[in-house]
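Here are the chains, one letter per residue:
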Amino acid sequence: ALTGLILAWRWRASPAGKEAVDGRLLRVPLLCQIILRYELAQFARTVGSLLAAHIPMVRALKLAQAGIGNSVIAARIGAASECTKNGERLAAALSANGPWPQDAIEIISIGEESGRLPALLSHLANLYDSALKRDTQRAMTVLTPALTLLMAGFVAAIIGAIMSTILGTYDLPL
């Protein structure tokens, strides 16, 4: 059992294992929204700060990609970075490389057209941070009663096992 656990841990640490686990996490309904919003807020804040510091777009995207924890989302950002290197706009590159929220694509597009991309990326990060906080509170609201019921089930099973053992000793022949 310990060997299996160690092998599973090592597989998870490998690039293929990390990509498989990250891809599966993005398929879990509520968790997908939380992960995507967290990574998008981090991405928007990083790119916005770097662009405000006059770092070129492609370099800013590569640096932001390095800061993304989910390998699937990081790969999408890397693909978008390659598209922007070839002259494509950031909003078009992001929408072509993966399912990003439409409101994020529209805000980025407006920022590119108006010349206020760093400020709007910062605003987008703040929007997603507040949405992430709201989603996390909503998940905890649902999770708390579910965990309470689960713990009550465990306690009932333990009490049942103990009572069964105690009552079973009365049936022993003397």
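Heads up: these notes are all about the structure in this document. (Residues numbered from 1 in each chain as written. Predicted model: local features only at pLDDT ≥ 70, side-chain atom pairs only at ≥ 80, totals over all residues. Heavy atoms only, no water.)

Right, let's get into the overall build of the chain. For the chain, the count of helices and strands is eight helices and zero strands. Along the chain, helices (α) and strands (β) appear in the sequence α-α-α-α-α-α-α-α when read from the amino end. Here the C-alpha radius of gyration of the chain, 24 Å, is well above what a compact globule of 174 residues would show, namely 16 Å. Across its three principal axes, the chain shows a C-alpha extent of roughly 90 × 35 × 25 Å. For the chain, long-range pairs separated by at least 24 residues make up 50% of all intrachain contacts whose partners lie at least 6 apart in sequence. Of the roughly 10,900 Å² that the chain leaves accessible, carbon and sulfur atoms contribute 67%. (Helix = DSSP H or I, 4+ residues; strand = E, 2+ residues; numbered from the N terminus. Rg over C-alpha atoms; globule rule 2.2 N^0.38 Å. Contact = heavy atoms within 4.5 Å. Areas by Shrake-Rupley, 256 points an atom, 1.4 Å probe, with all protein chains shown as cover.)

Ranked by internal contacts, the top residues of the largest apolar core, which has 35 residues, are Phe43, Ile73, Leu94, Trp100, Ile108, Leu121 and Leu124. Going through the elements one at a time, helix H3 (29–52), helix H4 (57–66), helix H5 (71–85), helix H6 (90–96), helix H7 (102–114) and helix H8 (117–169) are the ones with two or more residues in this core. Of all the elements, H3 adds the most residues to this core, at nine residues. In this structure, Trp100 is in contact with Leu36, Leu40, Ile73, Arg76, Ile77, Leu94, Ser95 and Ile105, ignoring residues within four places of it in sequence. (Core = buried A, V, L, I, M, F, W, Y, C linked by side-chain atoms within 4.5 Å. Buried < 20%, exposed > 50% of the residue type's maximum accessible area, 1.4 Å probe, protein only.)

Residues Val155, Ile158, Ile159, Ile162, Met163, Ile166, Leu167 and Tyr170 make up a contiguous nonpolar surface patch of about 810 Å² in total accessible area. When you line up the elements, Ile166 lands in helix H8. For Ile166, a relative accessible area of 41% gives the class partly exposed. (Patch = residues over 30% accessible without salt bridge, like charges linked within 9 Å, V, L, I, M, F, W, Y side chains within 5 Å. Salt bridge = Lys/Arg side-chain N within 4 Å of Asp/Glu carboxyl O.)

A few words now on H7. Note: α-helices contain 3.6 residues per turn, so residues at a spacing of three or four share the same orientation. In this model H7 runs 18 Å from its N-terminal to its C-terminal C-alpha over 13 residues, within 8% of the 18 Å that 1.5 Å per residue would give. Of the residues making up H7, those classed as buried are Ala104, Ile105, Ile107, Ile108, Gly111 and Glu112. On an axial view of H7, the arc spanned by its buried residues comes to 165°, and they lie on one face. Looking at the buried residues of H7, the elements they touch are H3, H6 and H8. (Expected span 1.5 Å × (residues − 1). Arc of directions from axis to C-beta.)

Now for unusual backbone geometry. The backbone phi angle of His54 is positive, close to 65°, even though this residue is not glycine. By the secondary structure assignment, His54 is in the loop between H3 and H4. On the basis of relative accessible area, His54 is assigned to the exposed category, the value being 73%.

So, about the pattern of salt bridges. This model, assessed by the stated rule, comprises six salt bridges. Across the pair Lys18 and Asp22 runs a salt bridge, and its minimum N-O distance is 3.3 Å. Residue Lys18 and its partner Asp22 are located together in helix H2 (residues 15–25), separated by four residues, close to a single helical turn. Look at Asp22 and you get buried, because its relative accessible area is 4%.

Let us now look at the environment of Arg134. Inspection of the secondary structure puts Arg134 in helix H8. Along the primary structure Arg134 and Pro15 are separated by 119 residues, whereas in three dimensions their C-alpha atoms are 32 Å apart.

Its location among the elements puts Glu112 in helix H7. At 2.5 Å, the side chain of Glu112 forms a polar contact with the backbone nitrogen of Leu90. Excluding residues within four positions of it along the chain, Glu112 makes contact with Arg89, Leu90, Ala91 and Leu117. (Polar contact = N/O pair within 3.5 Å; in protein donor to acceptor, adjacent residues only side chain to side chain.)

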